[in-house]
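Descriptive structure summary
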Amino acid sequence: MNKNCACTIASNNFTSKGLSTLSSMKKYKDDVDYYILNVPCPGEEDLSCSFGSYVFLNKNFIKEYELINIKIEFDNDRNRWTLKPFLIKKLLEKYDKVIYVDPDMYFVSDWSFLIEEIDGLLLT
């Protein structure tokens, strides 16, 4: 059986939306692992935990995280956008297929056909 996952990136104030996105996906496909990479604003606490079947990753998951923040002045939106390929690359080390979704999406019908259609990754 292939191992597949879905992931998103969210700051602390967007975590509930990220959970809502992944929950809307899990409703249609339960045999996928679900991840949220937490990118806190300066002064906010890093989240690194499991919540039910959802795994929160913190900046330590991405070895390039500190290097990215040295190169650009901290901007949380730009930081999250910059981290997408690093998150996907890291997850592809463990999974056959990775689907990245923005945390402001919500699935209202079965999306699982996408798993069969992609070869490696899907970035929304």
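Quick look at the structure, then. Please read all numbers here as calculations on a predicted model, not as lab measurements. Position labels on residues start from 1 in each chain and follow its written sequence. Only residues with pLDDT of 70 or above have their local features reported here, since the model is predicted, and side-chain atom pairs are shown and tallied only from 80 upward, although totals for entire chains, interfaces and linings are computed over all residues. In computing side-chain properties, one takes all heavy atoms of the structure into account and sets aside hydrogens as well as water.

Here we come to the overall build of the chain. Numbered from the N terminus, helices here are DSSP runs of H or I no shorter than four residues, and strands are runs of E no shorter than two. A tally of helices and strands in the chain yields four helices and six strands. Ordered by position from N to C terminus, the α and β elements of the chain give β-α-β-β-β-α-α-β-α-β. Partly exposed describes any residue whose relative accessible area lies between the buried limit of under 20% and the exposed limit of over 50%, with all areas from a 1.4 Å probe on protein chains only and scaled to the type maximum. Going through the 124 residues of the chain one by one, you find that 44% of them count as buried. When contacts within the chain are restricted to residue pairs at least 6 apart in sequence, those whose partners lie at least 24 apart make up 63%. Every accessible area reported is derived by Shrake-Rupley at a probe size of 1.4 Å, with residue values counting cover from the shown protein chains alone. Surface exposure of the chain reaches about 6,900 Å², of which carbon and sulfur atoms provide 52%. What makes two residues a contact is simply this: any of their non-hydrogen atoms within 4.5 Å.

With that out of the way, let us pick up the side chain of Asn4. When you line up the elements, Asn4 lands in strand 1 (residues 4-10). Contacts of Asn4, omitting those with residues within four sequence positions, involve Val32, Asp33, Tyr95, Asp96, Lys97 and Ile115.

Where side chains of opposite charge bring their charged atoms close, a pairing between them can arise. Salt bridge, as used here: a side-chain nitrogen of Lys or Arg that lies within 4 Å of a carboxyl oxygen of Asp or Glu. Scanning the model with the defined rule gives four salt bridges in all. Taking the shortest distance from any N to any O, the salt bridge between Lys26 and Asp30 comes out at 2.2 Å.

This part covers the packing of aromatic side chains. A pair of Phe, Tyr and Trp rings is counted when the ring centres sit within 6.5 Å of each other, with Trp represented by its six-membered ring. The angle between the planes then sorts it: under 30 degrees is stacked, over 60 is edge-to-face, the rest tilted. Per the counting criterion, the structure on display carries three aromatic pairs. Measuring from centroid to centroid gives 6.2 Å for Phe107 and Trp111, while their planes differ by 50°, and the two rings are tilted. Accessibility assignment for this pair places Phe107 and Trp111 in one class, buried.

Quick look at the environment of Lys90 now. Within the secondary structure, Lys90 is located in helix 3 (residues 76-92). Classification of Lys90 as partly exposed rests on a relative accessible area of 34%. Between the C-alpha atoms of Lys90 and Phe61, which are 29 residues apart in sequence, the distance is 8.2 Å.

The next point concerns the state of the cysteines. Pairs of cysteine sulfur atoms within 2.5 Å are what we label disulfides. Evaluated as defined, the whole model comprises zero disulfides. Here Cys5 stays free of any disulfide, with the sulfur of Cys7 as its closest cysteine sulfur at 5.4 Å.

Next up on the list: the pairing of strand 1. A large share of strand 1 lies buried, amounting to seven of its seven residues. Judged by which residues are buried, strand 1 turns out to be covered on both faces: Asn4, Ala6, Thr8 and Ala10 on one side and Cys5, Cys7 and Ile9 on the other are all buried. In the sheet, strand 1 pairs with strand 5 (residues 97-100) via four bridges, with the strands oriented parallel. Directly across from Cys5, in strand 5, lies its bridge partner Val98. One bridge is not enough; two strands pair if DSSP finds at least two bridges between them. Across six bridges, the pairing between strand 1 and strand 2 (residues 33-38) is parallel. Its bridge partner lying in strand 2, Thr8 is registered against Ile36.

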